[in-house]
Every structure is written in structure tokens, then in C-alpha cells.
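Now for the letters of each chain:
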Amino acid sequence: MLLVLGITLSVVGVQVVGGLLSGSLALLADAGHMLTDAAGVGIALLASHIAMRPPTDARSYGWQRAEILAALANALLLAGIAVWVLVQAAGRWEDPPEVSTGIMLAAAVVGAVANGASLLLLRGGQAESLNVRGAYLEVLGDLLGSLAVIVAGVVIVLTGYARADVIASVVIGLMILPRAWSLLRDVLDVLLEATPRGVDMDEVRAHILEVPGVEDVHDLHAWTITSGVPVLSAHVVVDDDCLARGRSGEVLDQLGACLTGHFDVDHCTFQLEPVGHREHEPAHHR
């Protein structure tokens, strides 16, 4: 990610200079987008460093949620730059300025090549981390934006249609918004402690009830601490024979193996209860 940050900042410089010299709004929009991406990658790097801090009594899960907060910042930055691009494009529609296509195309090609290299660097980690995924999506948008600028430049060269630059700007803005929403939705799922994707609670309940000695399960919850760290807790009712024979440890082992093997949830907390104990619990625990 450090290498990606360096590449992105270098391309921002090229595109800002190119956009100012050529008069291309699309190129400036792509430069602004990439500057936002550079800030996002910087935030992601800082968050990744913070997330590695060990847990303490005050923060029993450590700083793992820092990654999610960084992803939230990325999503908001993406949305903000998209709105800016669309507003600027609307203002230029009636009177599009003349664009120097040579400088515009050269800067856009540099951006496309650099973004392609950054995508290759981030591709492996984007499936495992929301933070890296946010950076990956931003760089992907940059690549598409650079391609849109190249197409607009070619159209202007061949036809003289100046509004192609404005249209490319709108395309860039509209490409950014869905990515911002996708990332924001995933972040909100984590912050609102939604059930992790791929975990079917009905199936979890059914698997728990198949463990020998288990009579019932309630107060069943699953959520995500940070990317790749799903957790689960449950109150598990066991029969009297299980408790009398001291088989609680055996039941816990089977429950843990079941959740890890079938649902890839390693961090599980189970409260074993005798039959009838549920009647002593508050109603909202049922």
C-alpha cells in the first residue's frame, strides 16, 4: 500500500499539471479523485498500523475497528468528490472551454498505466480486508476515469466535440457514487453489528441443536469486529445428564469445532445452561 500511495501521488501531480495546462475538467476531476484516493490509502495505512496494537483492559478487542473507521472515511471522501465532479460538469455544459487534447491524452495515459500497476499490487488483499478493498475500489475507479478521459480526448481530436470532456467528467462522477455506496453499506453492516455475510443463523441454530446433549439455544448473536473477524455468542441449554456427568467441556469442544468448520467463525462464546434456566433471564435475552 505504501507503493500504491507513492504511485497515486505521483500521478496526481501529473494530472493536476496536465488538467491546468489543457483546460480539461475530466482530467482535473480524475486528479481530484486520485488525490482523495491517496488520502484514503494514507488513512488505510495508518488504520492498519493502529489495528495491530494489542488488546488492553480498556479495549478488549484492541484497535481492530480502526480499519472500519478508515473505510468509512474513504466512503465519505468518495461520495464528496463525486458530487463535486457532477456540479462542475453541470456548470460547464452550456459553455465548454477549449481543451488541449495532446496534454490531456498524455496525462490520462500516464494515469491509466499507473492505476493498472496499483490494481495488481492491491488485488490479493482486497478480498480479505475492507480497508484494502476500499483502496482497491478507488484505484479501479481511477483507472476507469483515466480511460474515460482518453476516450473523451480521442473524440475531441476526431470530431471537435468539446462537450466530450464534460461528458467524461459526468461518467467519472457516476462511476464513483456506486462504489462509495457499496463500501459505505459494508461499513454500516459492521458498525450496526449485522450478521456476517455467509452466516445463516437458521443453519447455525440447526447445527448447534445437533450436538449431543444440547436441548435448545437462544440469545444467539453473530457480528463482525473487523474484516475477517466474525464472532458469535449463544446461550446453549444442555440436558441434566450432560451436567451430571461433567460433559460440559466436551460439548463446548464440539460447539467450537462445529462453528469453525461449517461457518468459519473462530471466536465463539457459549453460555451453557441447565433446562429451565431461561425462565430466570430478562425477556430481551430470549
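Scroll up to find the structure this text is about.
Colleague: Whenever I open this one, the overall build of the protein chain confuses me. Can you help?
Modeller: Looking only at helices and strands, one finds nine helices and three strands in the protein chain. In sequence order, the secondary structure elements of the protein chain are arranged as α-α-α-α-α-α-α-β-β-α-α-β. Its C-alpha atoms give the protein chain a radius of gyration of 26 Å, more than 25% over the compact-globule value 19 Å for 286 residues. Within the protein chain, counting contacts between residues at least 6 apart in sequence, those at least 24 apart form 71% of the total. Just so you have it, the protein chain exposes about 13,800 Å², and 63% of that area is on carbon and sulfur atoms. Taking the average place of the 15 positive charges on the side chains of the protein chain and the average place of its 31 negative ones, the gap between the two points comes to 4 Å.

Colleague: Teacher, can you tell me more about the packing of helix α3 (residues 66-92) against helix α6 (residues 163-191) here?
Modeller: It is at 8 Å that the axes of α3 and α6 come closest, and there the two elements cross at 155°. Relative to α6, α3 is oriented roughly antiparallel. Both α3 and α6 take part in a crossing whose hand is left-handed. Looking at the contact of α3 with α6, its residues break down into 22 nonpolar, three polar and three charged.

Colleague: Sorry if this is basic, but what is going on with the packing of aromatic side chains here?
Modeller: Two numbers describe a pair of aromatic rings. These are the distance of the centres and the angle of the planes. The full count for this structure, using the stated rule, is zero aromatic pairs. The ring of W93 has R163 sitting right over it, with the charged end atom 4.7 Å from the ring centre.

Colleague: Honestly, the environment of D165 in this entry has me stumped. Any pointers?
Modeller: Looking at where D165 falls in the secondary structure, it is placed in helix α6. On the basis of relative accessible area, D165 is assigned to the buried category, the value being 2%. Along the sequence, D165 and G102 sit 63 residues apart, while their C-alpha atoms lie 13 Å from each other. Among all residues touching D165, those that are not within four sequence positions of it are G23, S24, L25, A26, R92, V99, M104, A152 and I156.

Colleague: Honestly, the sheet that holds strand β3 (residues 267-274) in this entry has me stumped. Any pointers?
Modeller: The strands making up a sheet associate through backbone hydrogen bonding, with each pair oriented either parallel or antiparallel. Strand order in the open sheet formed by three strands is β1-β2-β3, and the pairing between neighbours is mixed. A strand with exactly one partner marks an edge of an open sheet, and here the two such strands are β1 (214-224) and β3. Between one strand axis and the next, the sheet turns by 15° as a mean value, whatever way the strands run. Each of β1, β2 (230-238) and β3 touches helix α7 (residues 201-209); the most contacted strand, β1, lies at about 145° to it.

Colleague: Explain the state of the cysteines to me, please; I cannot follow it from the model alone.
Modeller: In the structure shown here, the tally under the stated rule is zero disulfides. Note on C258: no disulfide assigned, nearest cysteine sulfur contributed by C268 at a separation of 9.0 Å.

Colleague: Please clarify how a nonpolar patch on the surface should be interpreted in this entry.
Modeller: On the surface, L69, W181, L188, L191 and L192 cluster together into a nonpolar patch covering about 510 Å² of accessible area. It is α6 that contributes the most residues to the nonpolar patch, three residues altogether. With respect to the helices and strands, the residue L69 is situated in helix α3.

Colleague: Even after reading the chapter, I still don't get the nonpolar core, so can you show me in this structure?
Modeller: Core analysis: the largest hydrophobic core is formed by 32 residues, its most contacted members being L122, V149 and I176. The element that contributes the greatest number of residues to this core is helix α5 (residues 130-159), accounting for 10 residues. Leaving out residues up to four positions away in the same chain, V149 has contacts with A26, L27, D30, M104, L105, A108 and I172.

Colleague: Explain the side chain of N115 to me, please; I cannot follow it from the model alone.
Modeller: Inspection of the secondary structure puts N115 in helix α4 (residues 101-122). Not counting the four nearest positions on each side in its chain, N115 is found in contact with M34, V139, D142, L143 and S146.

Thresholds, definitions, all that
Residues numbered from 1 in each chain as written. Predicted model: local features only at pLDDT ≥ 70, side-chain atom pairs only at ≥ 80, totals over all residues. Heavy atoms only, no water. Helix = DSSP H or I, 4+ residues; strand = E, 2+ residues; numbered from the N terminus. Rg over C-alpha atoms; globule rule 2.2 N^0.38 Å. Contact = heavy atoms within 4.5 Å. Areas by Shrake-Rupley, 256 points an atom, 1.4 Å probe, with all protein chains shown as cover. Lys, Arg positive; Asp, Glu negative; His and termini not counted. Charge placed at Lys NZ, Arg CZ, Asp CG, Glu CD. Axes fitted to C-alpha atoms, helices over the stretch in contact; angles between N-to-C directions. Parallel < 35°, antiparallel > 145°, perpendicular 65-115°, else oblique. Left-handed = near helix turned anticlockwise from the far one by under 90°. Nonpolar A, V, L, I, M, F, W, Y, C, P; charged D, E, K, R; others polar. Phe/Tyr/Trp six-rings, centres within 6.5 Å; stacked < 30°, edge-to-face > 60°. Lys NZ or Arg CZ within 6 Å of the ring centre and 35° of its normal. Buried < 20%, exposed > 50% of the residue type's maximum accessible area, 1.4 Å probe, protein only. Pairing = 2+ DSSP bridges. Disulfide = S-S within 2.5 Å. Patch = residues over 30% accessible without salt bridge, like charges linked within 9 Å, V, L, I, M, F, W, Y side chains within 5 Å. Salt bridge = Lys/Arg side-chain N within 4 Å of Asp/Glu carboxyl O. Core = buried A, V, L, I, M, F, W, Y, C linked by side-chain atoms within 4.5 Å.

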